[in-house]
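# Geometric and topological summary
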Amino acid sequence: MKTWSEMRAFPLAIRLLLVNQLGVNIGFYLLIPYLATHLGEDLGMSAAVVGIVLGVRNLSQQGLFILGGSAADRLGARGVIIAGCALRTVGFALFALGDGLPVLLAASILSGLAGALFNPAVRAYLAAEAGDRKAEAFALFNIFATTGALVGPLIGSALLLVDFRASALTAAAIFALLTAAQAAVLPAREVPAARGSVLGDWREVLANRAFLAFSLAMVGMFTMENQLYLLLPDGARRATGWDGAAGIVFLAGTLANLTLQMRITRTLKERGRRARWVAVGLALMGVAFVPPMAVAGLPGAGGGAGRAALALVPVLAGALLLYVGVMIAQPFVMELIPEFGRAELTGTYFGIFYVVSGIAAAVGNTVVGWAMDAGAHNAPWLPWACCLAFGLASAAGVLWLHRLRALPVRPVAVTA
């Protein structure tokens, strides 16, 4: 109930963006996790071609965040959000309507570009509308995003009983509805006259060494958060011998998020500086990998549901600690980003933040994947230890920047 009362306290524009993020994640996760299987098994494409299609989609999004951020600053976030959702409608519809490689590549590029447009634009709009309640707004944003990431795969699994095209058309329909809702309801805001060129904006942001250092320090947060979809589900399946164990991890994390996110953010906002809580959250995210690491390599459960449930406890405990760490750190990370520079460049700051941290996190995920392969037989604890190291290193990096007074230190307003 506290989540809904918090949501109603925000203006209509923010409420729409929260529902938008729920729909975005439902539409994305009911389709994308099953795309590789569709390309390989249904269409008979080689692993190399599947990798190209998926890689093009990811590169189109991660590499072009900076364009979406600049477009939000110069053209207005509202129009960029609407354009991004419309492009994703077209991209997902192409996945349903085309089987040839050119059509699939076009679908990948359009759906990736769409994310590059609306992701920084949504955050820039949210930061501008929330005023001094950015932390609460981004906490709610995290709740709706996490819920969508849980609901999406469940709907996708049901739609796959029909076929993949049903999933793709459903995802396209969701984005079409979001596009129409934003065009009808999202208020337009006056866009300040831009100074200089887009390249000048990029140079200004990239010259902000404190901001770049902070973005790199976030490599741990993104790398560890991604393990909710890689390492932790794999650990749950190995511990229990049951493929459905990963679903229990997701469900428990989502329920914890719905129950605790707003309480955590409101409590911590009134106590101490944001940098400290970001560091605490990152450290807790790292420590979350200790319980699964302690039992890594032990024989999987067998002989009944009781043993499987007992074997799942360390992994489930680690997942819940990871979710709590994200709940602590993420709202304050999102709140800090716009304060590194001019308000007119909020979108650009978000765009470059996601480019820098996304590239760094890709490297981090590669390290975790290597550790999973290298330690599969003799050192099963290795990938968990890598994630622990990422968390502690990121926390130390944030504390170091805080001690250097490199982070925005504006006192956080106490909410009524």
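Sequence order as written defines residue numbering, which begins from 1 separately in each chain. Thresholds applied to this predicted model are a pLDDT of at least 70 for local features of residues and 80 or more for the giving and counting of side-chain atom pairs; totals over whole chains, interfaces and linings are not thresholded and use all residues. For side-chain calculations, the full set of non-hydrogen atoms in the structure is used, while hydrogens and water are omitted.

Let us now look at the overall build of the protein. Secondary structure is summarised from DSSP: a helix means a run of H or I of at least four residues, a strand means a run of E of at least two, and numbering begins at the N terminus for each. Each helix and strand in the protein was counted, giving 19 helices and zero strands. For a compact globule of 416 residues, the expected C-alpha radius of gyration is about 22 Å, and the protein comes in at 21 Å, within 12% of that figure. For the protein, the spread of C-alpha atoms along the three principal axes comes to 65 × 50 × 40 Å. Contact definition: two residues touch when any of their heavy atoms are within 4.5 Å. Look at the contacts in the protein between residues 6 or more apart in sequence, and 84% of them connect residues 24 or more apart. For the protein, the centre of its 29 positive side-chain charges and the centre of its 20 negative side-chain charges are spaced 8 Å apart. A radius of gyration in this sense is built from C-alpha atoms; the matching globule rule multiplies 2.2 Å by the number of residues raised to 0.38. In this charge count, Lys and Arg are treated as positive and Asp and Glu as negative; neither His nor the chain ends contribute. Note on charges: their place is set at NZ of Lys, CZ of Arg, CG of Asp or CD of Glu.

Notably, Arg 405 is not glycine yet its phi reads approximately 60°, a positive angle. You can see Arg 405 is positioned in the segment after helix H19 (382-403). Any residue under 20% of the maximum accessible area for its type is buried, any over 50% is exposed, and the rest in between are partly exposed; the area is computed with a 1.4 Å probe on protein chains only. A residue is classified by how much of its surface remains accessible, and Arg 405, at 74% relative accessible area, is exposed.

The biggest cluster of nonpolar side chains holds 123 residues, and the ones touching the most others in it are Phe 214, Met 218, Phe 353 and Val 398. In terms of residues, this core owes the most to one element, helix H17 (residues 305-336), which gives 13 residues. In plain words, nonpolar cores are sets of buried Ala, Val, Leu, Ile, Met, Phe, Trp, Tyr and Cys residues tied together by side-chain atoms within 4.5 Å.

The first and last C-alpha atoms of H19 sit 31 Å apart over 22 residues, in line with the 32 Å expected at 1.5 Å per residue. Downstream of H19 by one or two residues, Arg 405 has phi in the positive range, about 60°. The span expected for a helix works out to 1.5 Å for each residue beyond the first.

With that settled, the discussion passes to the pattern of salt bridges. In the sections that follow, a salt bridge refers to a side-chain nitrogen of Lys or Arg positioned within 4 Å of a carboxyl oxygen of Asp or Glu. Here the structure, examined in full by the defined rule, presents eight salt bridges. In this structure, Glu 204 and Arg 342 form a salt bridge, with 2.9 Å as the shortest nitrogen-oxygen distance. With a gap of 138 residues between them, Glu 204 in helix H10 (residues 198-206) and Arg 342 in the loop between H17 and helix H18 (346-374) connect regions that are remote in the sequence. According to the relative accessible area criterion, Arg 342 is buried, its value standing at 19%. One salt bridge connects Arg 238 with Asp 234, and the closest N-O pair in it is separated by 2.8 Å. Taken as a pair, Arg 238 and Asp 234 lie in helix H13 (residues 231-240) at a separation of four residues, close to a single helical turn. In the salt-bridge network here, residues are joined through shared partners; they are Glu 204, Arg 342 and Glu 344.

We now examine the packing of H10 against H18. Note on definitions: angles span 0 to 180 degrees between N-to-C directions of axes, and those axes are lines fitted to C-alpha atoms, for helices only across the stretch in contact. In contact at an axis separation of 10 Å, H10 and H18 are set at 65° when each is read in the N-to-C sense. Note that H10 runs across H18; the crossing there is right-handed. On H18, the residues that touch Asp 201, Trp 202, Val 205 and Leu 206 of H10 are Thr 348, Tyr 349 and Ile 352. Nonpolar residues are Ala, Val, Leu, Ile, Met, Phe, Trp, Tyr, Cys and Pro. Charged residues are Asp, Glu, Lys and Arg, and all others, Gly as well, are polar. Residues belonging to the contact of H10 with H18 are distributed by class as follows: five nonpolar, one polar and one charged. Each crossing gets its hand from how the near helix is turned against the far one by less than a right angle, where anticlockwise is left-handed and clockwise is right-handed.

Attention shifts here to the environment of Ala 172. Of note, Ala 172 is situated in helix H9 (residues 164-185). We classify Ala 172 as buried; its relative accessible area is 6%. Leave out the neighbours within four places in its chain, and Ala 172 touches Thr 89, Phe 92 and Ala 93.

Let us now look at H10. All of the buried residues in H10 are Asp 201, Trp 202 and Val 205. Buried residues in H10, looked at end-on, bunch into an arc of 95°, giving them a common side. Structurally, H10 contributes buried residues whose contacts are with helix H5 (65-75), helix H11 (209-217) and H18. Regarding the arc, it is the one traced by the directions from the helix axis to the C-beta atoms.

The subject of this paragraph is a nonpolar patch on the surface. A contiguous nonpolar surface patch, about 410 Å² in accessible area, is contributed by Ile 359, Val 363, Val 367 and Trp 370. You can see Val 363 is positioned in helix H18. Accessibility expressed as a relative area gives 52% for Val 363, which makes it exposed. Residues enter a patch when their relative accessible area is above 30% and they make no salt bridge; the linking distance is 9 Å between like charges and 5 Å between nonpolar side chains (Val, Leu, Ile, Met, Phe, Trp, Tyr). Here the Shrake-Rupley method, with its probe set to 1.4 Å, supplies the accessible areas, and only the displayed protein chains count as covering residues.

Next up on the list: the packing of aromatic side chains. Stacked, tilted and edge-to-face are the three classes applied to pairs of Phe, Tyr and Trp rings, where Trp contributes its six-membered ring and a pair requires centres within 6.5 Å; stacked means planes under 30 degrees apart, edge-to-face means over 60, and tilted covers the rest. The tally for this structure, following the rule as stated, stands at 15 aromatic pairs. Measuring from centroid to centroid gives 5.5 Å for Phe 211 and Phe 340, while their planes differ by 65°, and the two rings are edge-to-face. A residue pair is termed long-range when its members are at least 10 positions apart, and Phe 211 in helix H11 and Phe 340 in the loop between H17 and H18 qualify at 129 residues. What makes Phe 211 buried here is its relative accessible area of 0%. Phe 340 gets classed as buried once you look at its relative accessible area, which sits at 11%. Relative to Phe 353, the ring of Phe 222 has its centre 5.8 Å away and its plane inclined at 55°; by these criteria the two rings are tilted. Pair noted here: Phe 222 is in helix H12 (residues 219-226) and Phe 353 is in helix H18, with a separation of 131 residues, a long-range link. No difference in accessibility class separates Phe 222 from Phe 353, as the two residues are buried. Through successive ring pairs, a cluster of aromatic residues spans Phe 65, Phe 211, Phe 214, Phe 222, Phe 340, Tyr 349, Phe 353 and Tyr 354. Sitting above the plane of the Phe 10 ring, Arg 133 keeps its charged end 4.3 Å from the centroid. Sitting over the ring of Trp 277, Arg 276 keeps its end group 4.6 Å from the ring centre. Whether a charge lies above a ring is judged from NZ of Lys or CZ of Arg, which has to be within 6 Å of the ring centre and within 35 degrees of the ring normal.

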